[in-house]
Protein chains: 2
Amino acid sequence: MDHRGRRSRLAQLLPDSLVLLLGHTATVRDHPADHHPFRQDATFLYFTGLDEPDAALLVDTASGESTLFGVEPDLEDIVWHGPRPPLAERAATAGADSYRSASDLPSALAGRTPLTLPAPRPSQRDQLQDLLGDVAPSHDLIRAVAQLREVKDEEEIAEIDQALERARRLHAAAMAAISPGCEVAAVARHLGEVVAGTGGEWAYPVIFTTHGEVLHQFGQTGRMEAGDLLLHDGGVTSDGGYASDVTRTMPVTGTFDGRAEALYDIVFDAQALALAMMRPGVAWRDVHHAVGRKILEGFADLGLCGGDLDAAAEDGAYGLVFPHGVGHLLGIEVHDMEGLGEDLVGYDAEFVRSDVFGPSNLRFGKPLREGMVITVEPGAYLIGPLIERFRADGDFDGFWDWERLEDWVGVGGVRIEDVVRVTVDGAEVLGPPIPRTKPEVEEAMA
Amino acid sequence: MDHRGRRSRLAQLLPDSLVLLLGHTATVRDHPADHHPFRQDATFLYFTGLDEPDAALLVDTASGESTLFGVEPDLEDIVWHGPRPPLAERAATAGADSYRSASDLPSALAGRTPLTLPAPRPSQRDQLQDLLGDVAPSHDLIRAVAQLREVKDEEEIAEIDQALERARRLHAAAMAAISPGCEVAAVARHLGEVVAGTGGEWAYPVIFTTHGEVLHQFGQTGRMEAGDLLLHDGGVTSDGGYASDVTRTMPVTGTFDGRAEALYDIVFDAQALALAMMRPGVAWRDVHHAVGRKILEGFADLGLCGGDLDAAAEDGAYGLVFPHGVGHLLGIEVHDMEGLGEDLVGYDAEFVRSDVFGPSNLRFGKPLREGMVITVEPGAYLIGPLIERFRADGDFDGFWDWERLEDWVGVGGVRIEDVVRVTVDGAEVLGPPIPRTKPEVEEAMA
């Protein structure tokens, strides 16, 4: 990928600045020599392509020159880790104009205060503190980085497509494996095999559960029974570390019927509405609100609520059954750029985050731009404790029919999620088709 | 497991003390809400059994009472993560006498200075700094914890046995899959499937390579060719998170011959010697030295070195072909308790770490105790850059035959590693048999 070009575009947005981009160090798991698989800082990777620990890039946007700080391999490294490219070669890969030892970074920064980004990991925070003391991240830098990274180029789309092809294999395997009587954990283990076989890794902890109403249900327990809905939110990484993020919800029997089918129809129609609304200039918070309103309409048709839908939607009535956001940016990171600060990346002075429960969980609210890649993931859930809380608060008495709603608890939850690219005048679902309509899902499960 | 009993034994070793055991927080991967799979602090897990973030245990060894500090689930937790046991229930699981909110920990510690352990993760370091300022870890506490954890009880042995049964499946699959022409990465991917199918996880990043002379070769590249040795160092976790750690080295053809066979014989005999020497009271550094001496003997028999073997061994001649330690403690952590400080856990005033290259890398040197579980993993490697360096230093001129040695570079490396328990009068290899003799390996590959 054209890392030098990306830095030039950053320089255009932030002329006459000194920018420090810090790569990650290895992350300790148990003890100092025991690490989690190395995961590079996404912004550093975006601007350098270097997937190695203990590196930093100092960019002078006035001169356009950049210096890579890194570690030259020594004999110990060669014995333990084998021959590695010298720093000069890595600098060439990143298109850096010069390179120095990482140990020179403090002296190179002496008396200068470069713009820096937020540090989501304690190790990076400590490193910044040591280098620069108490310096706040630069909002200008965050906004400039977000403006570049939020639009994906063709190479990035190819990575996301590869990640989605792997997700397709994962979801096809799940649909083929699900049937009444199966242990949830056994099928989840099989899905782990499928992911390993793709050559990628889980892009995030999989959600595979008959309790889809628990939004992040990471434990896989129990037995699937006829009548259950199985919610599967699973994604796989590409070779370049990009994410996919796909959710399908299926009747364990393989045939939609009854209340589960009604819930599925509501969510399917809500996703269709979102896809139809998407185009450059449309604010994502407005899509979220329209989707929430549409979901309320579905519940009204079932007789679970009634009255002035517009007013109820404004007051946040849909947060009860749709408490999360309709989608988030996706890229190298599943929730792309969330570490830079959700409000700085996803909102601005004009588009501010709602404080109403439900839309308050929307991670991005600004207008869409051509080339953005975003998940579209409406859901509808019957969450017992949340219904109890709303009922006790009394705000929606007369709108929600508490008794009928509580009678529905046990149906569980439905979410349908795809990865979507904003086009010049609309939106396209990325990746290969993954069964989504009821007949498609039923056929894949047959 | 009997966590209360373990704390009683700690109290016997450290009477009249206040001990603070900190659990881990979640570890950020990309952004604050994106975490690596949760991995609990091993010592906290050992003394509490609680595998959840943001907990701490304060133990008063005078009264024998312990207080759990933790987080009570709120509505947000219930919506996102589902119903969780209340703190009272988790305190009961850990056998704690009382429980309080984690936010009360600073006030509970006000004016008191509990004994603490080293903090290998930056997050834990920051937390200790906030709670107690600059307080050094307690060497008494480290030694007491090590004295308990270094001897494994029957429940721990059962976990390690399960981890080893999974490693057996992994190694059997590898032996069946290896043959000339195979892509190393493709077989490695298949091994990922096998590990996922066991229900465990990789206990550490697998080493699967035709370049076994690179000690920690984590990349899997290239094609296996007739004449190559394939080194496979791979372990799987048990349900309780205990590790296995097993290495086998195989001729890609499935038949041992030539120089590769000669190298295998040397390492096999060295491992047999180590196993024969092991018994309570024998210092592990002496086993290491005897193994190094034995490996030199093997190279002398091949005509690659010669002269006074005892003197050369004393001077560290074997570090050239055997640059790592002969084994390390294993338990919840692959390198058990290494985060507490290798020298404090593995050495003491009488048994001090060698500063000679080779034995200097031995992580544990003290006498063995009944019930210790330790890896036994001699190896022999032809490492080009290391041979160059030794030759340039000139220390072993006349002992090593540099020319013949350099002619051997390309054979690669052999390591054979098993997990072994020290018994009352000897040692036993734990877990099910995994092919190790030449005929066993050849049969498994046929």
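Cut-offs used in this document
- Residues numbered from 1 in each chain as written.
- Chains lettered and ligands numbered in written order.
- Predicted model: local features only at pLDDT ≥ 70, side-chain atom pairs only at ≥ 80, totals over all residues.
- Heavy atoms only, no water.
- Contact = heavy atoms within 4.5 Å.
- Buried area = accessible area lost by both parts, 1.4 Å probe.
- Salt bridge = Lys/Arg side-chain N within 4 Å of Asp/Glu carboxyl O.
- Polar contact = N/O pair within 3.5 Å; in protein donor to acceptor, adjacent residues only side chain to side chain.
- Nonpolar A, V, L, I, M, F, W, Y, C, P; charged D, E, K, R; others polar.
- Helix = DSSP H or I, 4+ residues; strand = E, 2+ residues; numbered from the N terminus.
- Buried < 20%, exposed > 50% of the residue type's maximum accessible area, 1.4 Å probe, protein only.
- Lys, Arg positive; Asp, Glu negative; His and termini not counted.
- Least-squares fit on C-alpha atoms with pLDDT ≥ 70 in both.
- Phe/Tyr/Trp six-rings, centres within 6.5 Å; stacked < 30°, edge-to-face > 60°.
- Lys NZ or Arg CZ within 6 Å of the ring centre and 35° of its normal.
- Patch = residues over 30% accessible without salt bridge, like charges linked within 9 Å, V, L, I, M, F, W, Y side chains within 5 Å.
- Areas by Shrake-Rupley, 256 points an atom, 1.4 Å probe, with all protein chains shown as cover.
- Charge placed at Lys NZ, Arg CZ, Asp CG, Glu CD.
- pLDDT = per-residue confidence, 0-100.
- Pairing = 2+ DSSP bridges.
- Axes fitted to C-alpha atoms, helices over the stretch in contact; angles between N-to-C directions.
- Domains from an automatic or database assignment.

Asks: What exactly am I supposed to notice about the interface of chain A and chain B here?
Replies: In this assembly, 52 residues from chain A lie in contact with 52 residues from chain B. Between chain A and chain B lies a buried interface of about 4400 Å² when both sides are counted; carbon and sulfur atoms form 60% of it. In this structure, the connection of chain A to chain B is made through two salt bridges. As a salt-bridge pair, Arg-39 of chain B and Asp-30 of chain A come within 2.8 Å of each other at their nearest N and O atoms. Counting every contact that joins chain A to chain B gives 13 residue pairs in polar contact (both at pLDDT 80 or more). Per-class residue counts for the side of chain A that touches chain B are 21 nonpolar, 18 polar and 13 charged.

Asks: Just checking my understanding: could you explain the side chain of Arg-121 of chain A for this structure?
Replies: Its location among the elements puts Arg-121 of chain A in the loop between α5 (105–109) and α6 (122–132). For the buried residue Arg-121 of chain A, which engages in no salt bridge, the nearest side chain bearing the opposite charge is Asp-30 of chain B, 5.2 Å off. Here His-24 of chain A takes part through its side chain, which lies 3.5 Å from a polar atom of the side chain of Arg-121 of chain A. Engagement of the side chain of Arg-121 of chain A in a polar contact is seen with the backbone oxygen of Val-28 of chain B, the distance being 3.3 Å.

Asks: I'm lost on the relation of the copies chain A and chain B in this one. Help?
Replies: A rotation about some axis, followed by a shift along it, carries one copy of the chain onto the other. When chain A is brought onto chain B, the operation consists of a screw motion whose angular component is 180° and whose axial shift is 0.0 Å, with 0.0 Å RMSD remaining. A rotation of that kind, with that shift, is consistent with a two-fold axis. Within chain A, Glu-193 of chain A has its C-alpha nearest the rotation axis, a separation of 2.1 Å. Mapped onto chain B, 100% of the interface residues of chain A are again interface residues, and the two copies thus contact each other with one and the same surface.

Asks: Please explain the packing of aromatic side chains as it appears in this structure.
Replies: Given two aromatic rings, their pairing is described by the distance between the two centres and the angle made by the two planes. In this structure the tally under the stated criterion is 16 aromatic pairs over all chains. Measuring from centroid to centroid gives 5.8 Å for Phe-299 of chain A and Trp-400 of chain A, while their planes differ by 80°, and the two rings are edge-to-face. Remark: Trp-400 of chain A occurs in the loop between α14 (384–393) and α15 (402–408) and Phe-299 of chain A occurs in helix α11 (residues 284–301); sequence separation between them is 101 residues. Ring plane angle 50° and centroid distance 4.5 Å describe the contact between Phe-256 of chain B and Tyr-264 of chain B, whose orientation is recorded as tilted. The same class applies to Phe-256 of chain B and to Tyr-264 of chain B, which are both buried. Three or more aromatic residues joined by ring pairs make a cluster, and in this case those are Phe-256, Tyr-264 and Phe-268 of chain A. Taking NZ or CZ as reference, Arg-6 of chain B lies 4.1 Å from the ring centre of Tyr-46 of chain B, over its face.

Asks: Looking at this structure, I do not really get unusual backbone geometry. What am I missing?
Replies: Glycine aside, negative phi is the norm for most residues, and most peptide bonds take the trans geometry. Phi is positive for Asp-54 of chain A, close to 65°, though the residue is something other than glycine. Along the chain, the position of Asp-54 of chain A falls in the loop between α2 (42–48) and β2 (56–60). If you check the backbone angles, Met-337 of chain B has positive phi at about 70° while not being a glycine. Among the secondary structure elements, Met-337 of chain B is positioned in the loop between α12 (309–314) and α13 (342–346).

Asks: Help me understand a negative patch on the surface in this model?
Replies: Among the surface-exposed residues, Asp-308, Glu-314, Asp-315, Asp-393, Asp-395 and Asp-397 of chain A lie close enough to one another that they form a single negatively charged patch. Position of Asp-308 of chain A among the secondary structure elements: in the loop between α11 and α12 (309–314).

Asks: For this particular structure, what's the right way to read the pattern of salt bridges?
Replies: Pairs can form between side chains of opposite charge once their charged atoms are near each other. Per the stated rule, a full pass over the model turns up 64 salt bridges over all chains. Where Asp-97 of chain A meets Arg-4 of chain A, a salt bridge forms, and the shortest distance between an N and an O atom there is 3.1 Å. With Asp-97 of chain A in the loop between α4 (87–94) and β4 (98–101) and Arg-4 of chain A in helix α1 (residues 3–13), this residue pair connects regions lying 93 residues apart in the sequence. A residue is classified by how much of its surface remains accessible, and Asp-97 of chain A, at 38% relative accessible area, is partly exposed. Put simply, Arg-353 of chain B and Glu-342 of chain B hold a salt bridge, and the shortest N to O gap is 2.7 Å. Taken together, the residues span a long stretch of sequence, with Arg-353 of chain B in the loop between α13 and β8 (373–376) and Glu-342 of chain B in helix α13 at a distance of eleven residues. Judged by relative accessible area, which is 27%, Arg-353 of chain B ranks as partly exposed. Here the salt bridges do not stand alone but share partners, grouping Glu-338, Glu-342, Asp-343, Arg-353 and Arg-363 of chain A into one network.

Asks: I keep staring at the confidence of the model for chain A and nothing clicks. Help me out?
Replies: The predicted coordinates ought not to be read in detail in places where the model reports low pLDDT. For chain A, the average pLDDT comes to 95, and 100% of its residues sit at 70 or higher. As a predicted assembly, this complex carries a pTM of 0.93 together with an ipTM value of 0.90.

Asks: So what exactly am I meant to see when it comes to the sheet that holds strand β7 (residues 246–251) of chain A here?
Replies: Sheet strands associate in pairs through backbone hydrogen bonding, adopting either a parallel or an antiparallel arrangement. Residue and element names in this part refer to chain A. Taken in spatial order, the three strands of this open sheet run β5-β6-β7, and their pairing is antiparallel. Each of the sheet's edge strands pairs with one partner strand only, and the pair in question is β5 (207–209) and β7. Between one strand axis and the next, the sheet turns by 15° as a mean value, whatever way the strands run. In this structure, strand β6 (residues 229–234) lies alongside β7, joined through six bridges in antiparallel fashion. Residue pairing across strands places His-232 opposite Arg-248, the latter belonging to β7. The strands touched by helix α8 (residues 154–177) within the sheet are β5, β6 and β7, with β7 carrying the most contacts at an inclination of about 15°.

Asks: How do you make sense of the domain arrangement of chain A when you look at a structure like this?
Replies: Frequently, the measure chosen for interface size is the accessible area that the parts lose on association. Residues and elements named next belong to chain A. The domain architecture assigned to chain A consists of domain 1 (3–149) and domain 2 (154–445). The partner domain 2 presents eleven residues to the 16 residues of domain 1 that form the contact. When the two sides are added together, the surface that domain 1 and domain 2 hide from each other amounts to roughly 1300 Å², 59% of it contributed by carbon and sulfur. On inspection of domain 1 and its partner domain 2, the count reaches two salt bridges.

Asks: Just checking my understanding: could you explain the environment of Val-376 of chain B for this structure?
Replies: All names here are of chain B. When you line up the elements, Val-376 lands in strand β8. For Val-376, a relative accessible area of 0% gives the class buried. Put simply, Val-376 and Asp-245 are 131 residues apart on the chain and 9.8 Å apart in space, counted from C-alpha to C-alpha. Among residues more than four places away in sequence, those in contact with Val-376 are Gln-271, Ala-274, Leu-275, Met-278, Trp-284, Val-326, Ile-416, Glu-417, Asp-418 and Val-420.

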